Amino acid sequence: MTAASSSALQPVIVGAGPAGVRAAEALVAHGLRPVVIDEASRAGGQIYRRPPASLAERSANVLYGFEARRADAVHTAFDALRERIDYRPDSLVWNAQGGRLDVLHGPTRSTSSVPYGQLIVATGATDRVLPVPGWTLPGVYTLGGAQVALKFQGCAIGQRVVFMGTGPLLYLVAYQYAKAGAKVAAVLDTSRFADQLAATPAMLRQPAVFAKGVYYVAWLRAHGVALHGGVRPLRVLGDVAESRVAGVAWHDGREEHTLACDAVGFGYALRSETQLADLLGCRFEFAPLHRAHLPVRDAAGRSSVRGVYLAGDGAGIMGADAAEWAGERAALALLADSGVAVDTARAAMLEGKLHKLGAFRQGLERAFPVPHDWAAHAPDELVVCRCENITAGTLRRTVAEQGADEMNRLKALSRVGMGRCQGRMCGVAAAEILAHATGQPVQQVGRLRGQAPIKPIPIHLATTAPSTEGAGA
Amino acid sequence: MTGRKTLRTDVAIVGGGIVGASAALALRKMGIGVVVLERDLCGSRSSGVNYGGVRRQGRPVSQLPLAQRAHRIWGNLRETIGTDGEYLRSGHFKIARSEADMASLEQYRTKSRDFDLGLELISAARLRERCPWLGTRAVGGSLCAEDGQANPRLVSPAFALAAQRAGAQIFERHKVDEVMHDGKGFLLRSGNALEVHAPALLNCAGAWSGPIAEYFGEAVPLRSSHPVMAVTEPVPHFMDWSLGVEGGGIYCRQVARGNLVLGGGRGFALDADRARADRDAIATLAAQAVELLPTLRHAHFIRTWSGTEGNLPDHQPVLGPSRTTPGLFHGFGFSGAGFQIGPAAGEVLAELVRDGRSSTPIESFSIERFFAAAANEEAPTTADKTTTPTPP
Ligand SMILES: Cc1cc2nc3c(=O)[nH]c(=O)nc-3n(C[C@H](O)[C@H](O)[C@H](O)COP(=O)(O)OP(=O)(O)OC[C@H]3O[C@@H](n4cnc5c(N)ncnc54)[C@H](O)[C@@H]3O)c2cc1C
Ligand SMILES: Cc1cc2nc3c(=O)[nH]c(=O)nc-3n(C[C@H](O)[C@H](O)[C@H](O)COP(=O)(O)OP(=O)(O)OC[C@H]3O[C@@H](n4cnc5c(N)ncnc54)[C@H](O)[C@@H]3O)c2cc1C
């Protein structure tokens, strides 16, 4: 026995998306039996999310389109591991302290504490939200939410849907909706087609991915879906009587337009889910490419904390393929660090692929830039934080009257990010408003401090000091 | 880099917590020049992250003159700092869970009779009637109707802002890393950015005050503590009182927005500056919360946190002049209970600077007590041994 005896505890992986699955696979291949903890009820992560077993199985082709083969591959890989790992689905890691993770198990309504020696954090991402007036109306979803409804619940968010925002997911979700038979009223992209043209050379670094994007756009055009670039979303219009989405209004640089619809999917690409890395004490730095503070990692995925590895979208949005490579690479690093012989050529190859993807990512950011003038145009009455009902105007007043110039201070004085989501949803937008109002670049406003719980936990489930479940042999 | 900026002033203050900031405000009201150096943001440490209990009840009798003085300041909060900081005289109710607890609350009422706290003992039967939401373990308790709660996130920074409006020069993100006395006055340096000269110095650096005192030959056994705090999602309003428990353990209050803020137990330090709630403390707090307020059973904790507070072994602050260095005054070590008395401590420090004495009795807080005790192991401390010094 090599690996198992080299550390008393089996490694733990948090997240069973593409990164977590490939990490687990690599560890198993080297004789380990990792613990895999995932909040979802079935493995697959965001992109390869599987519907609940209770829903009639739809084919991978229907669910994942072009990604069907990859989805199948990830699911098959995971199913093959099933007996060789200690898999804990429906399990939210809500805290980390002193070499133990605190876990809340949804269905059994119980808690446990899982010790670890080495840990791979593969917690993925959620939508990056820059709100628009009217976004709190029933019928408005994030792009990811809209997609989850389709993949997971097998239903559409409306009959006549507008997709708005920017990023590759914008066209993908529109395509998936149209394919599924929903009426897509329009795709409104804040980036300009000129941006996409300029980014083409960089994006050709991943010709297959690029081709898919081109295909979605062409398909949507061919099927009569209106595509508008360079728009500025103005508001989601509401049907007062029914208190539901009735349409959207946007500006195209020359004039205002409106369009009727009964649902809106919107979003500006993704943001990394970094709280666990934060609780683990990982060092963060501002990453200009991602326009976010992210836990730092080396090319292999080692964080600044010994024994903690980072893989996938949780450490910077790189997409599903990269997540698989990074998951495997991090696992190899973990193995090597525990003295296990690994295939160094394979490790180098994975690093090479990840590195190459960096150029493509630059292209993507160029093609679909976050609208940097979003904060300048956000009206005072725009609700930024929906848990606490905090408006852009309140944030600006807090800056002007009380001198807030940093995120935690802004939170303390205004309550932004103090609700159930604790800034996971509104944090990005609040930082943009703060940066704009203080005339600082966004990296200078800092980031919200991490504190447990990562997501809300029912008090009666927090009452017992969690029983320690051995993750050892 | 341009050269280091040099300032001359009457009083230099290290630390912009509620103590340093209220001292700055009081000094400005006396027309005295003030420079405050705060290494982070004013009111972002203990003073900004505490539970928000504004209570006199349960304090050692020796603290009550100071607490009464603070009570008057709190009563004029809006005029003093320009905001009400969500301060409410909502009542502070200390729960008894046994007859022995009840007896000790009664004793406290007797002991504090000279101070106008207006304590009212409430029996089990009346308690059930008055607050059906209380769990069954409460057998009664003691109400101080004029005590209450405030939002420390708002109050403490507002003290600094008020001081600034009154003319104090406040330098945030300016850590003092050198302090000395050159025979004539004090000299403080913050990196290469700032140098401050002043004939008087206030040591209001909270849990980090120890090295400054030590530099002037006054090492005291100051230790950091990290009380655990938690907050629930908003729930329908049901409780006005801020609750404490005789003997300590848990305290909680409900804010206007509906969230419950709870505290109890100890967290741990991440480093010298930062702290976090501890998992076992969270579990204990949760269990006690459900016992105390069964309706909370299904509410969610949305956040836990801690802070770094300076603690002294007798749970009394050091407040008063240095025993070695004329012009130096200490105000630190509030041992988990300095939010309510902080504003009065600030006024006292200002008086000490101006008059060399304070109109409020502060003998119990003299730094001498540690040196007297060192000379004689048996020397009595000024701690009031009959009262358990617990947070709210
Ligand atoms: C809603 C959504 C839809 C997307 N759709 C597409 C798409 O169609 N095409 C595409 O190319 N890319 C898509 N992406 C991006 C794609 O999901 C990612 O690039 C890829 O899934 C990253 O893989 P990952 O393993 O890093 O993370 P993920 O796949 O996100 O997996 C992370 C896993 O960790 C779990 N987790 C997170 N935190 C905790 C915790 N504290 N405790 C326990 N478990 C936790 C999550 O439940 C999840 O299962 C989408 C992203 C999102 C958010
Ligand atoms: C979690 C918690 C709950 C509490 N609950 C209550 C309660 O309910 N009721 C109550 O009355 N009290 C409570 N307390 C106690 C109360 O918060 C403190 O006693 C009080 O805030 C102390 O104020 P301060 O100004 O002395 O300290 P701080 O607020 O800590 O201020 C000291 C300041 O000095 C600065 N500083 C330190 N070193 C330097 C340096 N070298 N250069 C420049 N600046 C420096 C720090 O950054 C800090 O801002 C609680 C404390 C905590 C931590």
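Above this text sits the structure in question.
The structure displayed is predicted, hence computed values, not measured ones.

S.K.: So, the overall build of chain A: which residues are in play, and what are the values?
M.R.: Each helix and strand counted, chain A has 16 helices and 24 strands in total. In terms of overall dimensions, chain A is globule-like: its C-alpha atoms have a radius of gyration of 22 Å, near the 23 Å expected for 473 residues. By principal-axis analysis of the C-alpha atoms, chain A measures approximately 70 × 55 × 45 Å. Looking at chain A as a whole, 57% of its 473 residues qualify as buried. Sequence-distant contacts in chain A: of pairs separated by 6 or more residues, those separated by 24 or more amount to 66%. Summing over all exposed atoms, chain A offers an accessible surface of approximately 18,600 Å²; the carbon and sulfur share of this is 53%. Positive and negative side-chain charges in chain A, numbering 49 and 41 respectively, have mean positions lying 2 Å apart.

S.K.: Give a description of the pairing of strand E15 (residues 256–260) of chain A that names residues and reports values.
M.R.: For a regular strand, side chains alternate in direction, first toward one face of the sheet and then toward the other. Residue and element names in this part refer to chain A. In this sheet, E15 lies alongside strand E14 (residues 244–251) in antiparallel orientation, the contact comprising five bridges. Bridging from a neighbouring strand, Val 248 pairs with Leu 259 of E15. Hairpin remark: E14 followed by E15, antiparallel, with four residues in the connecting loop; positive phi at Gly 253, about 100°.

S.K.: Which residues make up the site of ligand 1, and what values do they have?
M.R.: Residue and element names in this part refer to chain A. For ligand 1, the set of nearby residues contains 30 residues, the closest of which are Ala 19, Asp 38, Gln 147, Leu 172 and Asp 313. Between ligand 1 and the protein, one listed contact pairs an oxygen atom with a backbone N or O atom of Pro 18 at 3.2 Å. Val 93 is positioned with one of its backbone polar atoms (N or O) 2.9 Å from a nitrogen atom of ligand 1. For ligand 1, whose accessible area on its own is 980 Å², the fraction buried by protein is 91%. At the level of secondary structure, the elements contributing two or more residues to the shell around ligand 1 comprise helix H2 (18–29), strand E4 (91–97), strand E8 (125–127), helix H5 (143–153), helix H6 (168–179) and helix H10 (320–337). Top contributing element to the shell around ligand 1 by residue count: E4, with three residues. Its residues assigned to classes, the shell around ligand 1 comprises 15 nonpolar, 12 polar and three charged.

S.K.: I'd like a rundown of the site of ligand 2, residues and numbers included.
M.R.: All names here are of chain B. Taken together, 36 residues surround ligand 2, and among them Glu 38, Ser 47, Val 176, Glu 309 and Phe 339 come closest. In the model, an oxygen atom of ligand 2 is placed 2.9 Å from a nitrogen or oxygen of the Gly 338 main chain. When residues of the shell around ligand 2 are traced back to their parent elements, those giving at least two are helix H1 (18–29), helix H2 (46–49), strand E15 (227–232) and helix H10 (338–355).

S.K.: Explain unusual backbone geometry to me, and be specific about the residues and the numbers.
M.R.: Trans is the prevailing form of peptide bonds, just as negative phi is the prevailing case for residues other than glycine. Residue and element names in this part refer to chain A. Residue Pro 453 follows Ala 452 across a cis peptide bond; omega there is -5°. Notably, Asn 389 is not glycine yet its phi reads approximately 60°, a positive angle. Residue placement: Asn 389 occurs in the loop between strand E21 (383–385) and strand E22 (390–391). What makes Asn 389 exposed here is its relative accessible area of 55%. Although it is not a glycine, Arg 415 sits at a positive phi angle of roughly 80°.

S.K.: If you had to explain the nonpolar core to someone new, which residues and values would you point to?
M.R.: Core analysis: the largest hydrophobic core is formed by 73 residues, its most contacted members being Ile120(A), Phe163(A), Tyr177(A), Val187(A) and Leu220(A). Top element by residues in this core is H10(A). It accounts for 11 residues. Each residue touching Phe163(A), except ones within four places of it in the same chain, is listed here: Leu143(A), Ala146(A), Leu170(A), Val173(A), Ala174(A), Tyr177(A), Val184(A), Ala186(A), Val187(A), Leu188(A) and Gly265(A). Core analysis: the next-biggest nonpolar cluster, separate from the first, contains 62 residues, Leu119(A), Ile122(B), Leu127(B) and Phe301(B) among them.

S.K.: Outline the pairing of strand E5 (residues 92–96) of chain B, listing residues and values.
M.R.: Residue and element names in this part refer to chain B. Of all five residues that make up E5, five are buried, and the element is covered over most of its length. Side chains His 92, Lys 94 and Ala 96 project from E5 onto one buried face, and the interleaved Phe 93 and Ile 95 project onto a second face that is buried too. Taken together, the four bridges between E5 and strand E16 (residues 242–245) define a ladder with parallel strand orientation. Paired with Phe 93 across the two strands is Leu 243, which belongs to E16.

S.K.: Run through the packing of aromatic side chains, naming residues and quoting values.
M.R.: Residues and elements named next belong to chain B. Applying the stated rule across the entire model yields 15 aromatic pairs over all chains. Here Trp 74 and Tyr 87 contribute two aromatic rings whose centre-to-centre distance is 5.1 Å and whose plane-to-plane angle is 40°, an arrangement assigned as tilted. Here Tyr 87 lies in the loop between helix H4 (77–81) and E5 and Trp 74 lies in helix H3 (residues 64–75), a separation of 13 residues in the sequence. Under the relative-accessibility criterion, Trp 74 is labelled buried at 1%.

Quick notes on the rules
- Residues numbered from 1 in each chain as written.
- Chains lettered and ligands numbered in written order.
- Predicted model: local features only at pLDDT ≥ 70, side-chain atom pairs only at ≥ 80, totals over all residues.
- Heavy atoms only, no water.
- Helix = DSSP H or I, 4+ residues; strand = E, 2+ residues; numbered from the N terminus.
- Rg over C-alpha atoms; globule rule 2.2 N^0.38 Å.
- Buried < 20%, exposed > 50% of the residue type's maximum accessible area, 1.4 Å probe, protein only.
- Contact = heavy atoms within 4.5 Å.
- Areas by Shrake-Rupley, 256 points an atom, 1.4 Å probe, with all protein chains shown as cover.
- Lys, Arg positive; Asp, Glu negative; His and termini not counted.
- Charge placed at Lys NZ, Arg CZ, Asp CG, Glu CD.
- Pairing = 2+ DSSP bridges.
- Near = heavy atom within 4 Å.
- Polar contact = N/O pair within 3.5 Å; in protein donor to acceptor, adjacent residues only side chain to side chain.
- Nonpolar A, V, L, I, M, F, W, Y, C, P; charged D, E, K, R; others polar.
- Core = buried A, V, L, I, M, F, W, Y, C linked by side-chain atoms within 4.5 Å.
- Phe/Tyr/Trp six-rings, centres within 6.5 Å; stacked < 30°, edge-to-face > 60°.

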